[in-house]
Amino acid sequence: MKNLCPIILYISLVIVGISCKDAGHEVADLVIKNGNIYTVNSASPKAGAVAVTGGVIVDVGANETIDRWIGKDTEVIDLQGKTMTPGLIEGHGHFLGMGQAKLNLELLDVTSYEQLAERVAEAVEEASPGEWILGRGWHQSKWDSISGTVVKGFQTHEMLSAVSPDNPVFLRHASGHAGFANAKAMEIAGVGLLAKESLSKEDTHGGEIIRDEQGNPTGIFNETAMGLIGKHIPDADVGKDRRAMELAIQECLENGITSFQDAGAGRNQIKLARDFLDEGKLRVRLWMMVSSRDTTLLNEWYARGPEIGLGDNFLTIRAIKIHADGALGSRGAWLLAEYADRSGHFGHETTPMQFVYEVAKKGLKHGFQVCTHAIGDRTNREVLDMYEKAFKENPEAARDARYRIEHAQHLHPADIPRFGELGVIPAMQAIHMSSDRPWAIDRLGEKRIIDGAYVWQKLLQSGAVIVNGTDVPVEPIDPIASFYASISRKTLKGEPEEGYEPDQKMTRAQALKSYTLDAAYGAFEENIKGSVEPGKVADFTVYSQDLMQVPENEVLETRIDMTIVNGKIEYIRD
Ligand SMILES: [Zn+2]
């Protein structure tokens, strides 16, 4: 058999040779034509057609010039005038969490405590005795009002416990920074009444069990205190995680997402991604941050170094995620001045700054980007300080380190220019502004909101590169909603009329770039993706209408019609 190979090779060369000759030119695997293509390439921003070979763009231009790439075996997609952009990049999300959220109770759309209890009651009917009922996505600030007793701004567990007396329930807050447990879950975790005199001594290491005046736990567990309940939840079995991965991939493709930046993966998640890659099932490109919560894992990665572009650029592991504070919703974001709606409360760091500094130093040494979750102005300042200190000690490696701050929601005005100066990338999720701005002003007050909250334009003008995204499953992955939030600074109901702090809106071009080329830059991938240019991967998103031109109030009606990854159609809308 071995000897036949050269003959077969020879024959196939001849066949290819003939078809090339027929076309009078090398032929492409795929030609996409008659499109309204926004290339995000400033040298030639619009095009009508693209030719692709081997999953890579080989030519971009007007229809007439690209037609010559069509041979008898070329797949041709006629866009019939539809709008296409480079494949969209989700710049900060939680890949497995997105899939798991689909397997658990989805509470993002719940508008009252009663409705939350109803959803749990339905789940109890389906559940087997003693089975945990898990969910996430509730947000008390998005409810019209909170029924029953309110302690520190949160509902209390009685109604939840009444609908599920025998099944333990744990529901994560939309922000991911708090959890809500029923009596059964607290009983399993051994969290009960605490005598008044012991209240001040309770230590949950960077978290809080919210208690009423008598010392009863109310069911709300903030930050690290969530672990008190979480450690009793049985690990999802491998089969369930694989199902979650499949759901996450499908969710990306249906939403036009061709690359996903995973903001904090543990050992199991990294292994799953690798398994999916090996099995040819990873149909979305993943760029992963290794979670720093597992220091053993972190040390292994320091020793091993980054892994870049595995399997045709479908998997890259080259960043480290640190969690430095909580969220504004749960008042866990760390502020320079006290919360406007809770005097004497500043929030707190969830990781010592010394750790941020050490990881920043080691990241430079071992070639990893460092990406730190920072929401409050105090955390942002301290993290910038730690990065800066590490940069000064290793100026060679720091020249193009592309360290990131994830969220960068609330900044002190003095720190805004530091992003551009230090080359630190703010990875900001525009949809958070749309969802949170209506109540965030209660937490921060007007001055801090105007001076430094969600200040996209100030950051861009100071020379920073913004990576956009959704933080899915904190928000749905829908890039159209985040694009709309970026350009309108309105809620998804279209309020207020002029948008919040309208001078901070992104232009449509900036918003598209934050979802494509700039997101790629935030991952050292701008040379292989993020624009429609020869030599880059053939990842594209096709839309039902021209989202760069339609009136602003019609942008949200845009649908994803087609998603192409590596030159292959992975999704077509029915
Ligand atoms: Zn996140």
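For the structure, check the block above.
Keep in mind the model is a prediction, meaning the values are calculated, not measured. (Residues numbered from 1 in each chain as written. Predicted model: local features only at pLDDT ≥ 70, side-chain atom pairs only at ≥ 80, totals over all residues.)

Another point: the sheet that holds strand β24 (residues 540–543). With mixed pairing, the six strands of this open sheet are ordered in space as β3-β2-β7-β24-β25-β26. Every other strand in the sheet has two partners, leaving β3 (46–47) and β26 (568–572) as the edge strands with one partner each. (Pairing = 2+ DSSP bridges. Helix = DSSP H or I, 4+ residues; strand = E, 2+ residues; numbered from the N terminus.)

Bringing the sheet that holds strand β16 (residues 217–223) into the picture now. Read from one edge of the open sheet, six strands run β9-β10-β13-β14-β16-β15, paired in mixed fashion. Every other strand in the sheet has two partners, leaving β9 (105–106) and β15 (207–211) as the edge strands with one partner each. Of the pairings in the sheet, the one linking β9 to strand β10 (residues 133–138) comprises two bridges and is parallel in character. Note on β10: the bridge partner recorded for Glu106 is Arg136. Helix α4 (residues 113–126) rests against β9, β10 and β13 (169–173) of the sheet, and its axis sits at about 155° to β10. (Contact = placed C-beta atoms within 7 Å. Axes fitted to C-alpha atoms, helices over the stretch in contact; angles between N-to-C directions.)

Moving on, we come to the environment of Val124. Considering the arrangement of structural elements, one finds Val124 in helix α4. As for Val124 and Val52, which are separated by 72 residues in sequence, their C-alpha atoms are 51 Å apart. Ignoring any residue separated from it by four or fewer positions in sequence, one finds Val124 in contact with Ile133, Val163, Ser164 and Asn167.

Moving on to the nonpolar core. Formed by 163 residues in total, the largest nonpolar core has its most connected members in Val50 and Leu286. Structurally, this core is a two-domain feature, drawing no fewer than three residues from each of domain 1 (1–81 + 532–574) and domain 2 (105–230). (Core = buried A, V, L, I, M, F, W, Y, C linked by C-beta atoms within 7 Å. Buried ≥ 20, exposed ≤ 12 C-beta atoms within 10 Å, placed from the backbone. Domains from an automatic or database assignment.)

The element strand β8 (residues 88–93) is extensively covered by neighbouring structure, given that six of its six residues are classed as buried. As judged from the four bridges shared by β8 and strand β17 (residues 257–265), these two strands associate in the parallel manner. Opposite Gly93, over in β17, you have Asp262 as the bridge partner.

Let's shift gears to the packing of helix α12 (residues 353–366) against helix α13 (residues 377–393). Running from N to C, α12 and α13 point in directions that differ by 40°, and their axes come no closer than 9 Å. Where α12 crosses over α13, the two elements pack in a sense that is right-handed. When α12 is examined against α13, the residues Met353, Val356, Tyr357, Ala360, Lys361 and Leu364 are found in contact with a partner set consisting of Glu382, Val383, Met386, Tyr387, Lys389, Ala390 and Glu393. Classifying every residue of the contact of α12 with α13 by side-chain character gives nine nonpolar, no polar and four charged. (Left-handed = near helix turned anticlockwise from the far one by under 90°. Nonpolar A, V, L, I, M, F, W, Y, C, P; charged D, E, K, R; others polar.)

Note that Tyr357 resides in helix α12. Note on Tyr357: 19 C-beta atoms within 10 Å, which makes it partly exposed. Discounting residues that sit within four places of it in the chain, Tyr357 has contacts with Met386, Lys389 and Ala390.

Keep in mind these values describe shape, not function.
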